[in-house]
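Below, each chain spelled out in residue letters.
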Amino acid sequence: MIDFQAEIAGVVAGLPAIEEAGLSAADVLDLIEVPADSAKGDYAFPCFRLAKALRKAPPAIAADLVQQLGQKAPVGVSRIQAEGPYLNFFLDRALVARDVVGAVLEAGAAYGSATVAERRPVIVEFSSPNIAKPFHIGHIRSTVIGNSIEKIYRFLGYDTIRINHLGDYGTQFGKMIVAYRKWGSEEAVNAAPIESLISYYKKFHEEADSDPALEDEAREVFAALERGSEEELKLWQWFREESLKEFGRVYDMLGITFDSYNGESFYSDKMERVTDELAEKGLLEESDGAQIVRLDAYNMPPAMIRKSDGSTLYITRDIAAAIYRKETYDFAKNIYVVASQQNLHFSQWFTVLRLMGYEWAADCVHIPFGLVSLEDGVMKSRLGNVVFLEDVLTRAVERTKEIIIEKNVNTDDIEETARQVGIGAVIFNELANNRIKDYVFRWEKVLNFDGETGPYVQYSHARAASVLRKAGAEADTVAADGVNGECLSSDRAYPLVKLLGSFPAAIKEAGEKYEPSILTRHIIDVAQAFNRFYHDEQILVEDAAERRARIALVAAARQVIATGLGLLGVEAPDRM
Ligand code: ARG
């Protein structure tokens, strides 16, 4: 595909006025914008930056630049116009349409992908729930955002590694084992693992209020677990397996897999080394019997590395895990998709890594996100105020099935379509907003077939697929001898063409900013532009040139929506 922005920058950078003002080619490329109003052209070059050097008002400079450009129009530019302080560039629509639609159809599912020279992997750590705790609606954010970020990086050419840093270690497991022995039963855990374990844990805290000896008992049991005592280890392993079974059901529903489930327990034998190293480097200090690293100089509370009873902490395991990952994978980037409530935790231990002299600490990135809450009374849960993610997903599929039946949606497999659309709707909704924003989960918003939702985009995709089915064999050959761009330069087709053309840039930006919502917004725009085109134009018209060009545009739109949904982790059904 032609990079029109670069073509324009190349020509503009060579103009005498630009050289006089001392702007480099890179500066010019940077300054070029895409005007929000298409009446102002496809690209615009603002002249403010030149005013000082040239001692002229920006509008006068814009006029001069038009003069200097004379006959030297950049490739693909059909008209140049000075308007106020801007130089506006209008592209040759037919050429753009031919170029973009041709490029999409030629690349197919690879359209928008990239390759990189970097051979070191990018680690994306996400989801990371705590075992023996509910996998609740709050976990959806890390799970779905992380999944999409990983897919985007892979599509952009990086080798990626997906890690689930399970919360499967810590003093709470001492409590859980004590509670299980006192009040639990094997049958109950087998029947409903997480609910049973949580109820034991709750009971432990209630009882411990009046019987502090329980706490000591729990500490001893955890110490035994840390020493590798067989009986405790067996129980802990069993709790872990049962929890993983529950988590696995949710991951299956979401279509998510991991390369590694190395959670906190995996680092139990790798923390000694961290403490030793910190001591060696003179960073460790004793405080009330505990071992800490002071971070006063960075305006942060100290990082506690070991408690006074010798047990390690969450932060110790994170430091050990980062060092392990660096040594094992030699990552280029180590990304953590974790709630913004943990901002301080991450700042603390990233700082500790830097103090240890690890320059690669700069390659560790925390990607925070805001809170999700549910509208009141939305769902009863098995555990009172906790809403299980599994129940939300199941509910989404059930409700979608009702809507499908009510709307008489075109499908030959209601169950399968309900699954694809229901799950897709929840994921899409999650990725529709800027990740840092808190948001409220509302059913009407999630499953609305007409709003800016997953079902709407999936429906647009299915509509395009349906047109292509009707076009039959012709749909496969429309790109072969080049797309007739003249037929796609109308105000109905061209906006869609442009959105297809900027899809690769949207993917890149979503990756650079770790912000899948940029991609979500883009495919909503594509779906809307497609629907406008579809609404205003007949596709399968008599005239062969028109028909072939329109089919080609529909095929390209279908491809871009499918690829975009795929990068969000959402399926794209061909019928609905
Ligand atoms: N298990 C933690 C929780 O549920 C999240 C873990 C985040 N990852 C990390 N490396 N600290 O809060």
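Residues numbered from 1 in each chain as written. Predicted model: local features only at pLDDT ≥ 70, side-chain atom pairs only at ≥ 80, totals over all residues. Heavy atoms only, no water.

(A) Broad picture of the sheet that holds strand E1 (residues 43-46). With antiparallel pairing, the 3 strands of this open sheet are ordered in space as E1-E3-E2. In the strand order of this sheet, the two ends are held by E1 and strand E2 (77-83), each with one partner. Between one strand axis and the next, the sheet turns by 20° as a mean value, whatever way the strands run. Judged from the 4 bridges that link them, E1 and strand E3 (residues 86-91) form a sheet pairing that is antiparallel. Of the residues in E3, the one forming a bridge with Pro-46 is Tyr-86. Sitting on the sheet, helix H1 (residues 4-13) touches E1, E2 and E3, and the angle it makes with E1 is about 35°. (Pairing = 2+ DSSP bridges. Helix = DSSP H or I, 4+ residues; strand = E, 2+ residues; numbered from the N terminus. Axes fitted to C-alpha atoms, helices over the stretch in contact; angles between N-to-C directions. Contact = heavy atoms within 4.5 Å.)

(B) The layout of surface pockets, seen in detail. As a volume, the largest pocket reaches approximately 1,500 Å³. When contributions to the lining of the largest pocket are tallied by element, the ones reaching two or more residues are H1, E3, helix H6 (93-107), helix H21 (494-501), helix H22 (503-512) and helix H23 (516-536). Along the lines of polarity and charge, the residues of the lining of the largest pocket split into 26 nonpolar, 8 polar and 10 charged. Quantified by volume, the second largest pocket comes out at close to 760 Å³. Forming the walls of the second largest pocket are 39 residues, and the residues nearest its centre are Ser-128, Asn-130, Tyr-314, Val-338 and Gln-342. Where the lining of the second largest pocket is concerned, the elements lending two or more residues are helix H7 (140-155), strand E8 (303-306), helix H14 (314-329), strand E9 (333-337) and helix H15 (343-355). (1 Å grid on protein atoms, 1.4 Å probe; cavity = no way out; pocket = protein on both sides within 12 Å on 5 of 7 lines; lining within 4 Å. Points joined across faces, edges and corners; volume = space filled by probe spheres on them. Nonpolar A, V, L, I, M, F, W, Y, C, P; charged D, E, K, R; others polar.)

(C) Quick peek at the packing of aromatic side chains. What the rule picks out here adds up to 27 aromatic pairs. A ring pair is formed by Phe-126 and Phe-258, whose centres lie 4.8 Å apart and whose planes are at 40°; its orientation type is tilted. Linking Phe-126 in the loop between strand E4 (122-125) and H7 with Phe-258 in the loop between helix H12 (230-254) and helix H13 (272-280), this pair joins segments that are 132 residues apart in sequence. Assessed through its relative accessible area of 11%, Phe-258 is described here as buried. Pairing Tyr-153 with Tyr-158 gives two aromatic rings, centres 5.4 Å apart and planes at 50°, and the pair type is tilted. When its relative accessible area of 5% is taken as the criterion, Tyr-153 is described as buried. One aromatic cluster is present, built from ring pairs that chain together Phe-126, Phe-135, Phe-247, Tyr-251, Phe-258 and Tyr-261. When the ring centre of Phe-90 is taken as origin, the NZ or CZ atom of Arg-79, which lies over that ring, is 3.9 Å away. A cation over a ring is seen here: Lys-326 above Phe-331, with NZ or CZ 4.8 Å from the ring centre. (Phe/Tyr/Trp six-rings, centres within 6.5 Å; stacked < 30°, edge-to-face > 60°. Buried < 20%, exposed > 50% of the residue type's maximum accessible area, 1.4 Å probe, protein only. Lys NZ or Arg CZ within 6 Å of the ring centre and 35° of its normal.)

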